[in-house]
Structures are given as structure tokens and as C-alpha cells.
Amino acid sequence: MQKPHLQIIIGSTRPGRAGAAVGSWFYDIAVKHDACTVEMLDLATIDLPLLDEPNHPRLGRYVYDHTKRWSEMISAGDAFVFVVPEYNRGYNAATKNALDYLCREWRRKPVGFVGYGAVAAGSRSIQGLIPVVAALGMIPAARSVNIPLINRMVTDGEFVSNPRLDESAAEMLDELSSWATDLGATHRGADR
Ligand SMILES: Cc1cc2nc3c(=O)[nH]c(=O)nc-3n(C[C@H](O)[C@H](O)[C@H](O)COP(=O)(O)O)c2cc1C
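What you see is a predicted model, and the numbers here were worked out from it, not measured in a lab.

Engineer: I would appreciate a short explanation of the overall build of the chain in the present structure.
Structural biologist: Counting its secondary structure elements, the chain contains six helices and eight strands. The helix and strand sequence of the chain, counted from the amino end, reads β-α-β-α-α-β-α-β-α-β-β-β-β-α. For 192 residues, the compact-globule formula gives about 16 Å, and the C-alpha radius of gyration of the chain, at 16 Å, lands near that figure. With 192 residues in all, the chain has 40% of them scored as buried. Restricting to contacts in the chain with at least 6 residues of sequence separation, those with at least 24 account for 81%.

Engineer: Please explain the site of the ligand as it appears in this structure.
Structural biologist: Close to the ligand lie 14 residues; Ser12, Arg17, Gly19, Pro85 and Gly117 are nearest. For the shell around the ligand, the class distribution of residues is six nonpolar, four polar and four charged.

Engineer: Can you walk me through the pairing of strand S3 (residues 79–85) in this structure?
Structural biologist: A regular strand places its side chains so that they alternate between the two faces of the sheet. The element S3 is extensively covered by neighbouring structure, given that seven of its seven residues are classed as buried. Taking every second residue as pointing to the same face, both faces of S3 are buried, with Ala79, Val81, Val83 and Pro85 on one and Phe80, Phe82 and Val84 on the other. Here five bridges tie strand S1 (residues 5–10) to S3, and the two strands are oriented parallel to one another. Of the residues in S3, the one forming a bridge with Ile9 is Phe82. The pairing of S3 with strand S4 (residues 110–116) spans six bridges and is parallel. Opposite Pro85, over in S4, you have Tyr116 as the bridge partner.

Engineer: Even after reading the chapter, I still don't get the environment of Thr37, so can you show me in this structure?
Structural biologist: In this fold, Thr37 is placed in strand S2 (residues 37–42). As for Thr37 and Gln2, which are separated by 35 residues in sequence, their C-alpha atoms are 9.2 Å apart. Each residue touching Thr37, except ones within four places of it in the same chain, is listed here: Lys3, His5 and Leu6.

Engineer: Would you mind showing me how to read helix H3 (residues 65–75) here?
Structural biologist: Because each turn of an α-helix spans 3.6 residues, side chains separated by three or four positions end up pointing in the same direction. For H3, the set of buried residues is Thr67, Trp70 and Ile74. Around the axis of H3, the buried residues are gathered within 65° of arc, so they sit on the same side. Away from the buried face of H3 by more than 90 degrees, exposed residues Asp65, Lys68, Glu72 and Ser75 are located. Contacts from the buried residues of H3 go to helix H2 (43–46).

Engineer: Can you walk me through helix H4 (residues 93–100) in this structure?
Structural biologist: Among the residues of H4, those classed as buried are Ala94, Thr95, Ala98 and Leu99. Along the axis of H4, the buried residues cluster in a sector spanning 135°; they form a single face.

Conventions adopted
- Residues numbered from 1 in each chain as written.
- Predicted model: local features only at pLDDT ≥ 70, side-chain atom pairs only at ≥ 80, totals over all residues.
- Helix = DSSP H or I, 4+ residues; strand = E, 2+ residues; numbered from the N terminus.
- Rg over C-alpha atoms; globule rule 2.2 N^0.38 Å.
- Buried ≥ 20, exposed ≤ 12 C-beta atoms within 10 Å, placed from the backbone.
- Contact = placed C-beta atoms within 7 Å.
- Near = placed C-beta within 6 Å.
- Nonpolar A, V, L, I, M, F, W, Y, C, P; charged D, E, K, R; others polar.
- Pairing = 2+ DSSP bridges.
- Arc of directions from axis to C-beta.

Below, the structure written as C-alpha cells:
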């Protein structure tokens, strides 16, 4: 049986961001976990402008090439993990913008979060995103990965993990891959 395709989306676009290091760590864990094929998508290089499509995304009538490319990328995903920072007690704007661009491409697909920040460990950005992904018809994983004190956990551009975080990443991947396998037939065209 074909493995589900997991896309890890780095939400931070800031120069000097911790997000790239956190994303690379999670990518390696997901490859080792081996339940899904894994791809990294980086919002910094995908470089979507602030939503500029004239039509509601549910219509899928995209005008701009950047939206058509983004739609094609996300259509290929069976499950997603957003690597998301906490900014001002919420999620960052680039992550919300990337979600708002599309509709059908996200629907009935499981999604997990790796949140990071200071003492709240990205929990407020994750809690803020759950109603957003629910509105899009996605299935949020019950488990998430929460990384506190991120500024102490990145050294020379590398995320320095620990066994507890590695374990919570693997648990979330168990949940996402199981949902993605169960839901695979639905979103591969049978019931759009
Ligand atoms: C604009 C801004 C606002 C922030 N607000 C919060 C916050 O409310 N809570 C928190 O825990 N950390 C906050 N931080 C700290 C970030 O979570 C931390 O700097 C993290 O590295 C940001 O992710 P990035 O480096 O991938 O952009 C903030 C950082 C920035 C740049």
C-alpha cells in the first residue's frame, strides 16, 4: 500500500528564524518514523503575497500563478504539520495567510502542529489555529508538539532536541499517519 504523503510547512518567514531549525529536526524525525513520505514546504521561499485572489477559494477559480502553484503543492499532501511560532500570543500572519489561500485542498486531511515560543511553548498559536483548520474541514490531531524557551534550544542553526520532544513528535506522527491512511480514499478524488 502507498504511504500517505506528509507535508511539513515552516510557517515563520523571518530572517534568522528558529523555524527552519525546528522544521529540519521534525523532518528528520518524520523520515525516521517512516509511516509517510515526507516533504518540507517553506513559506519563506514559497513567498505568497497577502491574499490577493478576487474569488472565494472554495470556488477554486484562481487567477494568479502563485495560487495555482500553492494549490498544486497542497493537493499532493495527505497530512500536514505546521511548524508555527508564537507571536504576540497568537500564530504568525504568514501561516494564516497560507491557509486562507485555499479551501478544498485542505479539506478532510489531518493536521498537526509543532508550536514554539517562550514560556507558553507555542500553545497559544496552536490553540488559535485549531478553529481555523476546523473551519477548513481539516482534522486536527489531539496531540501536538510544544517547545518552550526556543531561544535556548537552537545552537549554531541546529535545534537541540531532547527525548521527551522526540517522543511527542513520534506520537503525533502516529496519529497523523493513522488518520491519513484512513482518510486517503476520500480525498484522493472519491468524495470532493
Ligand atoms: C513579533 C514577535 C512576537 C513574539 N511574541 C511572543 C509571544 O507572545 N509569546 C512567546 O512565547 N514568544 C513570543 N515571541 C518569541 C518567539 O516565539 C521566538 O522569538 C521565536 O523564535 C519566533 O519564531 P521564529 O524565530 O521562527 O520567527 C515573539 C517573537 C516575535 C518576533
